[in-house]
Amino acid sequence: MIEVEHLQKIYTLEGGEKVTAVDDVSFAIERGAFLSILGHSGSGKTTLLNLIGGLTRPNGGTVRIDGQDIWQLADDELSRLRNEKMNFIFQFASLIPTLNVIDNVLLPSAFGSAKRRDLVERARELLAMMNMAEKEHAYPAQLSGGQQRRVAIARAFINDPAIVLADEPTGDLDEETEQEVIDLFRKFNRERQTTFLIVTHSSDLAAQTDRQFRMTAGRLAPVEPST
Amino acid sequence: MELKILRLANQNLKRKKFRSLAIILAVLVVAATLFSITTIMDSVEQSLERGTARLGADLMVVPREAETEAKSALLAGKPSTFYMDADLFDKVQAIRGVRAASPQTFLTTSSYSCCDVSGMLLIAFDQKRDFTIKPWLTTTLQRPLKPDEVIMGRALTAYMVGSVLTFYKTPFTVAGMLEETGMDFIDNSVFMTYEGVDRILARAGKGNVAAADLPPDKISTILVQVDPEYAPSRVALFIEAEIDGVKAIVTDRIIASVRKQLFVLLRSILSVSVILWVMALLLIGVVFSMIVNERRREIGIFRAMGARRGHVFRLIILEATVLSFIGGILGVAVGGGVLAMFRDAIYASLDIPHLWPSTGRLALLVGVCLVLSVLTGMIAALLPALRAAFLEPYEAIRGGE
Ligand SMILES: Nc1ncnc2c1ncn2[C@@H]1O[C@H](COP(=O)(O)OP(=O)(O)O)[C@@H](O)[C@H]1O
Ligand SMILES: [Mg+2]
């Protein structure tokens, strides 16, 4: 379902200096894969997720989703792909400050053919799963970092995505909530065949995924199961 | 789809009250100035068009020495009288290019207790030759005007068709009203036949009736229609060359000169409003650039959630449109309010003919101002909107950090 070949991303810094954030990365995963990517900060994990998610253009290599080279698509097509097949959980606070909680969860419906009305119930269910049902009408500024994160996680499932790209999704959550989130991911993974790419610092979380990768200075390598 | 984007736009505007208000205010000022100026200009324009059309004449022949007086009587409507020999009429009629001519004689009512309205301009016209008065009656008169009847200008609102006025102890019945023209000269005058004037002359100066200030065998002006194949200015030259002591005023030129006068008067206001407009454009442009910068992450997240470039573009443009539309409406209301409150003072200081626009015209002016307001917002937001739309999603997201 996702095939990545010789993927490369080079950033040119202001001084003209070049940083190879993703360096010749190749891998392939099937639908329903549940995998984690570990690595130090600055190793290129976020960049890799963004390349796969069609948010930043690679300097070389290909990303295929269901056989389609996404960087050959027109921008509108790529946008539609994101709207219908993917969703993101970002590393940082990513709620829209001017929208209340439920509207934030429903955000993808503003850009697609799905009717907002038809998704409100689903949004409420997702918020309930994240224990945020009571905060439906609150604005992000009225929530703690952890609460905002839970809303962002609820949003990641509103369009029933085939792929969820999660960048340190449990970064600001306590251990108990982290476990709830992993369980929720697992549930979607089992019930909806949702493919997960989870970037994490938490070896606990990584240990619960089916496959683990480690990123080092832009290069990706599978982590061999320790004995 | 558009509704969803509009919803997003509205939510953002509501939560960013201060900034929204600043933009609304900028558009408001521009729209208010624009609306009041265009309304004033339009009222003068309308009045000029109607007044000169009402006059129905290409030329107005007056005594040479009365040229300025005649012009100011036409435009500012100060009743003034001037006279020339009645036999000039035949000479004018004989000039090459004159298709029709019609004499008029002015008489200002005495301020003694002879008359219902003192200091009013009575205009005698030749019924058989007239082409300037009867076509503009509000209700057509199917018969000739009788010697004891008058036609009134619209500004004399105290009188209606059927009421009786007395001039020099001579009663006249109002047989018709003229359409309003905005030109005091026409709106404030009373028109009667030469036989009517004879009735006045028969009473005036006898017994205790005040004397009428009207020399015998004189006329005030000759209104001329020219043959279509002649330019009015050429015929005016013929007249002035062949008849001594007269001036042939080209009525089109009067319009042109008032327009010029008006333009000079309003040029400063106009340039101020152009400066205001440019400033509003810049202000809105800068504010929207700031908004786009500040909302980079938000825009990036929209894109990640599937927003296309077009969505982002329309979102920014819609926000600008909504704000400038509100600003435009408020501006038209404020401009209209100021005009309504100070209307008399404004027109008095301009001292030119004017005609408050009809509802239909007012609606048109409002519409034009609203469209211009909205365009202002859209143009100002165009570049920021394009910039926002073409940000790379991840760049946008990172840029917002
Ligand atoms: N937009 C960018 N411009 C310049 N350098 C960048 C940009 N994004 C990331 N980098 C650099 O690329 C490298 C990898 O960054 P990132 O993908 O964010 O790593 P991680 O998520 O593993 O911390 C870092 O050296 C970072 O500074
Ligand atoms: Mg990162």
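Conventions used here
- Residues numbered from 1 in each chain as written.
- Chains lettered and ligands numbered in written order.
- Predicted model: local features only at pLDDT ≥ 70, side-chain atom pairs only at ≥ 80, totals over all residues.
- Heavy atoms only, no water.
- Phe/Tyr/Trp six-rings, centres within 6.5 Å; stacked < 30°, edge-to-face > 60°.
- Helix = DSSP H or I, 4+ residues; strand = E, 2+ residues; numbered from the N terminus.
- Buried < 20%, exposed > 50% of the residue type's maximum accessible area, 1.4 Å probe, protein only.
- Lys NZ or Arg CZ within 6 Å of the ring centre and 35° of its normal.
- Donors = N, O, S within 2.8 Å, 3.2 Å for Na, K, Ca; no water.
- 1 Å grid on protein atoms, 1.4 Å probe; cavity = no way out; pocket = protein on both sides within 12 Å on 5 of 7 lines; lining within 4 Å.
- Points joined across faces, edges and corners; volume = space filled by probe spheres on them.
- Nonpolar A, V, L, I, M, F, W, Y, C, P; charged D, E, K, R; others polar.
- Pairing = 2+ DSSP bridges.
- Axes fitted to C-alpha atoms, helices over the stretch in contact; angles between N-to-C directions.
- Near = heavy atom within 4 Å.
- Polar contact = N/O pair within 3.5 Å; in protein donor to acceptor, adjacent residues only side chain to side chain.
- Contact = heavy atoms within 4.5 Å.

**Re the packing of aromatic side chains**
Here is step 1 of the chain: Using the criterion set out here, one finds 12 aromatic pairs over all chains in the structure.
Here is step 2 of the chain: On the basis of an interplanar angle of 70 degrees and a centroid distance of 5.3 Å, the ring pair of Phe34(A) and Phe196(A) is categorised as edge-to-face. Taken together, the positions of Phe34(A) in strand β3 (residues 34–39) and Phe196(A) in strand β8 (residues 195–199) put the pair 162 residues apart, joining distant regions of the chain. In terms of burial, Phe34(A) and Phe196(A) fall into one category: buried.
Here is step 3 of the chain: Taken together, Phe34(A), Phe157(A), Phe185(A), Phe188(A) and Phe196(A) form an aromatic cluster joined through their ring pairs.
Here is step 4 of the chain: For the cation-ring pair, Arg96(B) lies above Phe238(B), with the distance from its terminal atom to the ring centre recorded as 4.3 Å.
Here is step 5 of the chain: Against the face of Phe172(B) rests Arg199(B), its NZ or CZ located 4.9 Å from the ring centre.

**Focus on the coordination of the magnesium ion (ligand 2)**
Residues and elements named next belong to chain A.
Here is step 1 of the chain: Each protein donor to the magnesium ion (ligand 2) is listed here as Thr 46 (OG1) and Gln 91 (OE1); together their distances run 1.9 to 2.5 Å. Taken together, the positions of Thr 46 in helix α1 (residues 45–52) and Gln 91 in the loop between β6 (86–89) and α3 (101–105) put the pair 45 residues apart, joining distant regions of the chain.
Here is step 2 of the chain: A relative accessible area of 35% places Gln 91 in the partly exposed class.

**Some points on empty space enclosed by the protein**
Here is step 1 of the chain: A complete count under the given rule lists 4 cavities of 30 Å³ or more for this structure.
Here is step 2 of the chain: One number sums up the size of the largest cavity: a volume of about 130 Å³.
Here is step 3 of the chain: Residue lining of the largest cavity: Leu99(A), Asp103(A), Leu106(A), Leu107(A), Ser109(A), Ala110(A), Arg116(A), Lys4(B), Arg7(B), Leu8(B) and Gln11(B), and that is the complete set.
Here is step 4 of the chain: Top contributing element to the lining of the largest cavity by residue count: helix α1 (residues 2–15) of chain B, with 4 residues.
Here is step 5 of the chain: Broken down by class, the residue content of the lining of the largest cavity amounts to 5 nonpolar, 2 polar and 4 charged.

**Some points on the sheet that holds β3(A)**
Residues and elements named next belong to chain A.
Here is step 1 of the chain: Pairing within the open sheet is mixed, and its 6 strands lie in the order β6-β7-β8-β3-β9-β10. The open sheet is flanked by β6 and β10 (219–222), the only strands paired with a single partner. Direction aside, neighbouring strands of the sheet carry axes that sit 20 degrees apart on average.
Here is step 2 of the chain: Alignment of strand β7 (residues 163–167) against β8, held across 5 bridges, turns out to be parallel.

**With respect to the site of ligand 1**
Here is step 1 of the chain: Gly42(A), Lys45(A), Thr46(A), Thr47(A) and Arg398(B) are the nearest of the 15 residues found near ligand 1.
Here is step 2 of the chain: In this structure, ligand 1 is bordered by residues of chains A and B.
Here is step 3 of the chain: For ligand 1, an oxygen atom lies 2.5 Å from a polar atom in the side chain of Thr47(A).
Here is step 4 of the chain: One of the side-chain N or O atoms of Arg398(B) is found 2.9 Å from a nitrogen atom in ligand 1.

**Structural notes on the side chain of Ser163(B)**
Here is step 1 of the chain: Within the fold, Ser163(B) resides in the loop between β5 (149–152) and β6 (164–167).
Here is step 2 of the chain: Filtering out sequence-adjacent residues up to four positions away, Ser163(B) remains in contact with Phe172(B), Thr173(B) and Val174(B).

**Examining the sheet that holds strand β4 (residues 60–65) of chain A**
Residues and elements named next belong to chain A.
Here is step 1 of the chain: The strand order across the open sheet built from 4 strands is β2-β1-β4-β5, with neighbouring strands paired in antiparallel fashion. Two strands bound the open sheet, and with one partner strand each, they are β2 (18–29) and β5 (68–69).
Here is step 2 of the chain: Two elements, strand β1 (residues 2–12) and β4, share 5 bridges in a ladder whose sense is antiparallel. Bridge pairing in β4 places Gln 8 opposite Gly 60.

In short, shape yes, function no, at least from these values alone.
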